[in-house]
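# Tertiary structure, described
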Amino acid sequence: MAGVLSALKRVYLTAYNWTVFVGWFQVLYFALKTLKESGYRDVYGAVERPLQLAQTAAVLEILHGIVGLVRSPISATLPQIGSRLYVTWGILWSFPEVRTHFLVSSLVISWSITEIIRYSFFGLKEAFGFAPSWLQWLRYSTFLFLYPTGITSEVGLIYTALPFIKASEKYSIRMPNRLNFSFDYLYAAIAVLAIYIPGSPHMYRYMLGQRRKVLSKAKTA
Amino acid sequence: MKVTIVTRSGREVVKGGIVINDSALVSDLQKEIHARVKKYYPSRQRLTLPLATGSRERPSVLNPKKCIKEYAEGNAEDLTVVFKDLGPQVSYSTLFFWEYLGPLIIYPIFYYFPVYKFFGYEDERSIRPVQTYAVYYWCFHYFKRIMETFFVHRFSHATSPLSNVFRNCCYYWSFGSYIAYYVNHPLYTPVCDLQVKIGFGFGLLCQVSNLYCHILLRRLRSPDSSGGYQIPSGFLFNIVTCANYTTEIYQWLGFNIATQTVAGYSFLVVAALIMTNWALAKHRRLKKLFDGKEGRPKYPRRWVILPPFI
């Protein structure tokens with residue numbers, strides 16, 4: 001029974017990782033293709049579907065962590081997934097005015113390269129029990145460049161969206177109401193930007209620590 | 001006897017150890033350590049008996065009031081204790097005073113001063129009766145807490161880490177501001193009169209009960225806190241272990257029934273969760289201590305904190 005369950009788990013995780021891999025591969029492919037053929041303003045339109053699917057699928061990973069299917073601590077993945085979903089749905093999908101910004105291109109390219117490496121790494125590990133060392137090196141090295149480019153794109157896009165958030169009143173709850181509650185999506189967006197200030201160096205330092213740990217182990221192995 | 005004092009990583013805290021009278025108390029040892037290492041005043045020291053490496057047990061902390069000899073094996077002339085620096089400490093009274101002072105001062109600022117102009121509300125606000133009752137109820141609550149801190153509570157530990165001051169003040173002051181903002185808002189919508197009266201009436205009843213619970217708890221402890229744990233009894237303690245937390249939670253419920261804000265209710269939920277955590281630990285501790293064996297009384301069946309749920 002245990003053997004069947006563990007085999008099922010492997011099949012499921014292999015399928016999951018490779019499916020999402022294909023999604024991100026499409027994002028990168030369409031993004032580069034569109035940049036070459038028409039220009040940065042059309043990139044969002046070309047990648048919207050696979051981007052939304054692949055990024056939202058990451059919610060499953062939180063479930064995997066909670067249920068115990070994977071070992072990752074949700075404390076590290078939650079802020080990452082949270083910010084990704086916020087930008088994908090809370091900014092890009094909700095405020096079409098920012099979709100033609102050039103930062104969308106740098107955003108989806110940074111995200112997709114990172115995810116392609118990550119999902120293929122896990123896909124191989126689940127399917128074959130190991131992943132090639134060059135892939136591991138990529139996984140723990142590309143962030144050095146892609147984190148800054150990705151974070152800059154995220155912050156830039158949120159900042160660009162602010163005037164549109166203010167004008168649209170979307171997702172905001174005003175007083176008076178029976179619950180005496182209010183929520184201002186503009187101030188929430190500004191708070192998110194503020195969190196990036198301590199949050200980004202924290203995440204970057206965490207990844208640097210992971211890199212040192214993993215790659216030094218690989219050297220001695 | 002000679003006492004060797006080491007950190008958990010093995011480094012000697014006091015070079016060469018301390019030679020001390022056989023009849024000395026642990027508190028005397030702590031004073032000696034403080035004399036030798038100026039920054040480690042006694043309340044900052046946590047002294048434990050060494051554990052075998054790899055042992056998963058919790059180390060036993062040396063009781064300052066006990067004789068050092070009691071911790072030495074047999075008639076040994078040498079003792080090794082493990083030292084942990086608990087960091088800068090403040091007295092519990094200090095901690096409670098600062099965390100309660102925030103809400104006591106911040107809330108009335110939202111009531112009395114034209115704060116909402118800074119949020120863009122230019123018009124005159126008309127103050128509703130419930131908002132006035134609320135500021136009195138709220139301030140009475142935190143004034144009561146401060147008075148209890150200085151005149152009623154007997155604390156199990158003398159001190160608390162300084163970092164707790166920042167953490168706790170963040171919690172109380174932020175929630176205080178959050179709730180004050182909404183209850184005193186120019187666009188605040190009151191509930192019906194009857195609900196206001198029921199809410200504040202019930203809340204006041206619970207606050208008085210809460211005070212009585214604190215007085216009962218005080219009587220359980222002797223003035224120098226040497227008694228150790230007792231089974232609480234009397235009043236609501238006969239049915240629920242942490243009746244003091246119960247009355248505190250219901251008191252906030254009364255406030256929220258009267259004022260009805262998401263901010264107030266969210267504070268109630270968070271506070272209830274925190275107190276439930278504490279209550280479960282206390283209940284477990286009391287049940288473990290009073291197990292009915294060797295002449296000890298058995299802890300009676302009681303609710304932990306919130307009948308009929310838990």
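Not measured: the values here are computed from a predicted model. (Residues numbered from 1 in each chain as written. Chains lettered and ligands numbered in written order. Predicted model: local features only at pLDDT ≥ 70, side-chain atom pairs only at ≥ 80, totals over all residues. Heavy atoms only, no water.)

### Concerning the interface of chain B and chain A
For clarity, the threshold we go by: The contact definition used throughout considers only heavy atoms, calling two residues in contact when any of these lie within 4.5 Å. Defined in terms of a 1.4 Å probe, buried area is the accessible area two parts forfeit on being brought together, summed over both. Salt bridge, as used here, is a side-chain nitrogen of Lys or Arg placed within 4 Å of a carboxyl oxygen of Asp or Glu. Only Asp, Glu, Lys and Arg are considered charged in this grouping, and only Ala, Val, Leu, Ile, Met, Phe, Trp, Tyr, Cys and Pro are considered nonpolar; every other residue, Gly among them, is considered polar.
Each partner contributes to the interface: chain B provides 10 residues, whereas chain A provides eight residues. Across the chain B to chain A interface the summed buried area is about 860 Å²; carbon plus sulfur atoms make up 54%. Area buried by chain B at its contact with chain A is led by Tyr182(B), Gln260(B) and Val262(B), which between them contribute 55% of it. At the surface where chain B touches chain A, the tally comes to zero salt bridges. Of the residues assigned to the side of chain B that touches chain A, the class counts are five nonpolar, five polar and no charged.

### Focus on the packing of aromatic side chains
Residue and element names in this part refer to chain B. Stated formally: Any pair of Phe, Tyr and Trp rings, taking the six-membered ring for Trp, is counted once the centres come within 6.5 Å. Such a pair is stacked with planes under 30 degrees apart, edge-to-face with planes over 60 apart, and tilted for the rest. Numbering goes from the N terminus for both helices and strands, where a helix is a DSSP run of H or I of at least four residues and a strand is a run of E of at least two. We call a residue buried when its accessible area falls under 20% of the maximum for its residue type, exposed when it is over 50%, and partly exposed in between, using a 1.4 Å probe and counting protein chains only.
Counted by the stated rule, this structure contains 51 aromatic pairs over all chains. Between the aromatic rings of tryptophan 138 and phenylalanine 255, the centroid separation amounts to 5.7 Å while the plane-to-plane angle is 50°, which identifies the pairing as tilted. Pair noted here: tryptophan 138 is in helix H3 (residues 129–151) and phenylalanine 255 is in helix H6 (residues 243–259), with a separation of 117 residues, a long-range link. With a relative accessible area of 1%, phenylalanine 255 lands in the buried category. Aromatic pair phenylalanine 175 and phenylalanine 267: ring centres 4.9 Å apart, planes at 50°, arrangement tilted.

### With respect to the nonpolar core
The condition that has to hold: Buried Ala, Val, Leu, Ile, Met, Phe, Trp, Tyr and Cys residues form a nonpolar core when they are joined through side-chain atoms within 4.5 Å.
Of all hydrophobic cores here, the largest spans 48 residues; its most connected members are Tyr107(B), Trp138(B), Ile179(B), Phe200(B) and Phe255(B). Put simply, the parts of the chain that give this core at least two residues each are helix H2 (92–112), H3, helix H4 (163–183), helix H5 (193–220), H6 and helix H7 (262–289) of chain B. Setting aside residues no more than four positions away along its own chain, Phe255(B) makes contact with Tyr107(B), Ala134(B), Tyr137(B), Trp138(B), Ile179(B), Gly199(B) and Phe200(B). Core analysis: the next-biggest nonpolar cluster, separate from the first, contains 39 residues, Val20(A), Tyr44(A), Ala54(A) and Leu92(A) among them.

### So, the packing of helix H4 (residues 74–93) of chain A against helix H5 (residues 103–128) of chain A
Residues and elements named next belong to chain A. To keep it simple, the criterion reads: Interaxial angles span 0 to 180 degrees and are taken between N-to-C directions of axes, which are lines fitted to C-alpha atoms, for helices over the stretch in contact. A clockwise turn of the near helix away from the far one marks a right-handed crossing, whereas an anticlockwise turn of less than a right angle marks a left-handed crossing.
One can describe the packing of H4 onto H5 by two numbers: an axis separation of 13 Å at closest approach and a directional angle of 150°. H5 is crossed by H4, and the crossing has left-handed handedness. Counting all contacts with H4, which are made through Arg84, Val87, Thr88 and Leu92, the residues of H5 involved are Val104, Leu107, Trp111 and Glu115. In terms of residue class, the contact of H4 with H5 is made up of five nonpolar, one polar and two charged.

### Some remarks on the UniProt feature "transmembrane region" (unreviewed entry) in chain A
Residues and elements named next belong to chain A. Applied cut-off: UniProt positions are given in the numbering used here, feature names are shortened, and annotations may be inferred rather than shown by experiment.
Look at the UniProt record and you will see "transmembrane region" (unreviewed entry) annotated at residues 12–32, 143–165 and 185–204. End-to-end, the C-alpha atoms of residues 143–165 are 30 Å apart, and along that stretch the chain is 100% helix and 0% strand. Between the end C-alpha atoms of residues 185–204 there is a gap of 27 Å, over a span that is 100% helix and 0% strand.

### Notes on the sheet that holds strand S3 (residues 45–48) of chain B
All names here are of chain B. Formally: Between any two strands, pairing holds if DSSP finds at least two bridges.
Taken in spatial order, the four strands line up as S2-S1-S4-S3 in an open sheet, and their pairing is mixed. On the outer flanks of this sheet lie strand S2 (18–19) and S3, each paired with one strand and no other. As paired strands, S3 and strand S4 (residues 78–85) are joined by four bridges and run antiparallel to one another. Along S4, the bridge assignment pairs glutamine 45 with aspartate 85. Docked against the sheet, helix H1 (residues 26–36) engages strand S1 (2–7), S2 and S3, running at close to 125° with respect to S3.

### Side note on the UniProt feature "transmembrane region" (unreviewed entry) in chain B
In the numbering used here, UniProt assigns the feature "transmembrane region" (unreviewed entry) to residues 262–280 of chain B. Regarding residues 262–280 of chain B, the helix share stands at 100% and the strand share at 0%, and the terminal C-alpha atoms are separated by 27 Å.

### Considering the pairing of S1(B)
Residue and element names in this part refer to chain B. Within S1, five of the six residues are buried, which leaves it mostly tucked inside the rest of the structure. Both S1 and S4 contribute to a ladder of six bridges, which runs parallel. Paired with threonine 7 across the bridge in S4 is phenylalanine 83.

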